Amino acid sequence: MEAHNEAVACISQRLRHFYERRQPFRVYHGATNSTRAAAKSRANTVDTSTLNHVLQIDNAKKTALVEPNVPMDALVNATVRNGLVPLVVMEFPGITVGGGFSGSAGESSSCRYGPFDATINWIEIVLPNGDVARASKTEKPDLFWGAASAFGTLGVVTLLEVQLRDAKGFVELTHYPLGSVPDACAKIQEEVANPATEFVDAIAFSSTSAVVCSGRLVDTVPAGTKPRRYLRRRDPWFYLDVEKRTKKAKQPVVDYVPLVDYLFRWDRGGFWVARYAYKYFFTPFNRITRRALDSYMHARVMYHALHKSGLSDTYIIQDVGVPYAAVDEFHRWADQTLRIYPIWLCPIRVRRDAPDSAHGLHADFADPDGPEFMLNFGIWGPGPSDYEELVRANREIERRVHELGGKKTLYAQAYYTEEEFWRTYNKPAYDAVRSRYCASHLPSVYDKVKVDENAKRDAVEGSRMPAALRHARPFQGLYGVYKAWRGGDYILQTKKEGVSEPPPK
């Protein structure tokens, strides 16, 4: 802990310096899975990139003491070695513990445990005035829930205690082929109501084809059954494998997937977004090309390339949740208007049961009369070629979700006006925590997540790519791939390929 405490002391001193001048700051984490552009300079930045260690695994308490920049794969590797696994594991290996807490991340086990922030016992946070505080669901709960989903606008989270549970070697994963999204929603609710179910999500391949994937942990695979693998270069992409094997199935299809393969099953291909890259680069999309280009098809590399190329400005990248009762209406609208498939469907238990949890951006989740669950729609695909039309489409998504009583995950670009944003999120509860903990002078969540045209312009102007090629296909994308290669993501990914072992008994 000595190195950790020294790093926290430096951060505290840096924030105190900014606070004396009431100067806003940005945090450099070392990596990001956001798709937003952001403007940083050394003069306004707090460097937390060294806070990237798993400090302790407590087998008796089933907890992990983790610094915020620990990525999911490092956390899972550390816990599985001890026969444990986090309650919620975000789908991409590079998403960090701090990012999951500050950004409302969820995955297929969120139907049981809620968003990732709900699985954190307590946090250590450096407040904007330099004070170091500890907050939990019972100690300073306003600060704990205020910091959750605050995107760093209440201070700098420097340590988190993550809840764990017993791990097993495999996930028994049952795929239920269905005829529509409403059918899938009904099946999802049925599976969530089954106490034996531990993981639930779904893929809508079209308006008339969906597959619900329901899983539970098991120790062994039935005799004569071969586990399905998804992390190696020679393995199929998860969504393609599910589509192929359920297309003509009349009965549910049951697979046994090694635990780590299941947790990061979406990494290769970034769900299915990487498929669009093949079309963009005029490259055939088949088993041979996927294997040949595998090192570039992982989320870490894709996000880096997406940032550097600026191609995120040409895509609709949205995760939005609506109550079960609104699923049919929202899907009908999305099908008729956006026509983007596949769509990821993931049930998230958003209701907060902890006492005194009505704080921060999502204070409404503590309302016992509000929806207990929301069904997340992951809508990711090419948008209109005209930028103004792309903005209009994104704004329409935001408007529809608000009208239906839903919420949007804010890792992606937000196109709300400020007035629209605060009609959706709880400004009084958020501002109250900011005022109490000396954060009112910092940029708000809205300031951080709104589309930053200045940052986009600066990124373009700072590019070394010739101006004539900046928006030319495929040169814009090639520049992003080059920057990802220069940044070492490609090399890192090639070193990470290996066999995922089951946890020890």
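Being a predicted model, the structure only gives us computed values, none of them experimental. (Residues numbered from 1 in each chain as written. Predicted model: local features only at pLDDT ≥ 70, side-chain atom pairs only at ≥ 80, totals over all residues. Heavy atoms only, no water.)

Some remarks on the overall build of the protein chain
Along the backbone of the protein chain there are 19 helices and 16 strands. Taking all 505 residues of the protein chain together, the buried fraction comes to 57%. A sequence separation of at least 24 residues applies to 75% of the contacts in the protein chain between residues at least 6 apart. Accessible surface computed for the protein chain: about 21600 Å², of which carbon and sulfur atoms make up 51%. (Helix = DSSP H or I, 4+ residues; strand = E, 2+ residues; numbered from the N terminus. Buried < 20%, exposed > 50% of the residue type's maximum accessible area, 1.4 Å probe, protein only. Contact = heavy atoms within 4.5 Å. Areas by Shrake-Rupley, 256 points an atom, 1.4 Å probe, with all protein chains shown as cover.)

Description of the packing of aromatic side chains
The final tally for this structure, using the stated rule, is 29 aromatic pairs. Judged by centre distance (4.9 Å) and plane angle (55 degrees), the ring pair of Phe-271 and Trp-344 falls under tilted. With Phe-271 in the loop between α8 (259-263) and α9 (274-280) and Trp-344 in strand β14 (residues 343-349), the pair connects residues that are 73 residues apart, well separated along the chain. Residue classification places Phe-271 among the buried residues on the basis of a relative accessible area of 3%. Arranged with centres 6.3 Å apart and planes meeting at 90 degrees, the rings of Tyr-416 and Tyr-425 form a pair that is edge-to-face. Residue classification places Tyr-425 among the buried positions, given a relative accessible area of 2%. Over the ring of Trp-122 we find Arg-134; its NZ or CZ atom is 3.9 Å from the centre of that ring. We note Arg-290 situated over the ring of Trp-237; from NZ or CZ to the ring centre the distance is 5.9 Å. (Phe/Tyr/Trp six-rings, centres within 6.5 Å; stacked < 30°, edge-to-face > 60°. Lys NZ or Arg CZ within 6 Å of the ring centre and 35° of its normal.)

Concerning unusual backbone geometry
For the bond running from Tyr-341 to Pro-342, omega is -5 degrees, close enough to zero to count as cis. With respect to the element layout, Pro-342 can be found in the loop between α12 (327-337) and β14. Even without being a glycine, Arg-22 presents a positive backbone phi close to 50 degrees. Among the secondary structure elements, Arg-22 is positioned in the loop between α1 (2-20) and β1 (26-28). Given the relative accessible area of 45%, Arg-22 is considered partly exposed. Positive phi, normally seen in glycine, also occurs at Lys-62, with a value near 55 degrees. By secondary structure assignment, the location of Lys-62 is in the loop between β3 (54-58) and β4 (63-66).

As for the pairing of strand β9 (residues 170-178)
For β9, the buried fraction is high: seven of the nine residues fall into the buried class. Across nine bridges, the pairing between β9 and strand β11 (residues 209-218) is antiparallel. Within β11, the position partnered with Val-171 by the bridge is Leu-217. (Pairing = 2+ DSSP bridges.)

As for the sheet that holds β9
With respect to topology, eight strands assemble into an open sheet ordered β12-β9-β11-β10-β14-β15-β13-β16, the strand pairing being antiparallel. Each edge of the sheet is formed by a strand with only one pairing partner; in this case those strands are β12 (253-258) and β16 (407-408). Contacts from helix α7 (residues 238-246) reach β9, β10 (199-206), β11 and β12, with the element oriented near 75 degrees to β10. (Axes fitted to C-alpha atoms, helices over the stretch in contact; angles between N-to-C directions.)

A closer look at a positive patch on the surface
On the surface, a cluster of positive charge is made up of Lys-226, Arg-234, Lys-244, Arg-287 and Arg-291. Structurally, Lys-226 can be placed in the loop between β11 and α7. (Patch = residues over 30% accessible without salt bridge, like charges linked within 9 Å, V, L, I, M, F, W, Y side chains within 5 Å. Salt bridge = Lys/Arg side-chain N within 4 Å of Asp/Glu carboxyl O. Lys, Arg positive; Asp, Glu negative; His and termini not counted. Charge placed at Lys NZ, Arg CZ, Asp CG, Glu CD.)

Here we look at the confidence of the model for the protein chain
Summary statistics for the protein chain give a mean pLDDT of 89 and a share of 86% for residues scoring 70 or more. Within the model, the stretch residues 33-37 combines pLDDT values under 50 with 28 contacts to residues more than four positions away or in other chains. Overall, residues 488-495 carries pLDDT values under 50, and its contacts beyond four positions in sequence, including any with other chains, amount to 15 contacts. (pLDDT = per-residue confidence, 0-100.)

A word on the pairing of β4
The alternating pattern of β4 places Thr-63 and Leu-65 and Ala-64 and Val-66 on opposite faces, both of which are buried. Note: β3 against β4, four bridges, orientation antiparallel. From the neighbouring strand, Ile-57 faces β4, where its bridge partner is Ala-64. Two successive antiparallel strands, β3 and β4, enclose a turn made up of four residues, where Lys-62 displays a positive phi of approximately 55 degrees. Strand direction decides the pairing type here: β4 and strand β8 (residues 156-166), joined by four bridges, are antiparallel. The residue bridging Ala-64 from the neighbouring strand is Val-162, located in β8.

A look at the nonpolar core
Counting residues in each nonpolar core, the largest one holds 128 residues, and the members touching the most others are Ile-123, Phe-330, Leu-345 and Phe-377. Counting twelve residues, the second largest nonpolar core, distinct from the first, contains Leu-361, Tyr-416, Phe-421 and Tyr-425. (Core = buried A, V, L, I, M, F, W, Y, C linked by side-chain atoms within 4.5 Å.)

Some words on α12
Think of an α-helix as 3.6 residues a turn; residues three or four steps apart then line up on the same face. Among the residues of α12, Val-327, Phe-330, His-331, Trp-333 and Ala-334 are the ones counted as buried. For α12, the arc enclosing every buried residue in end-on projection is 160 degrees, short of the 170-degree limit, so these residues lie on one face. Lining the buried residues of α12 we find α6 (181-193), β13 (315-323), β15 (373-382) and α13 (387-403). (Arc of directions from axis to C-beta.)

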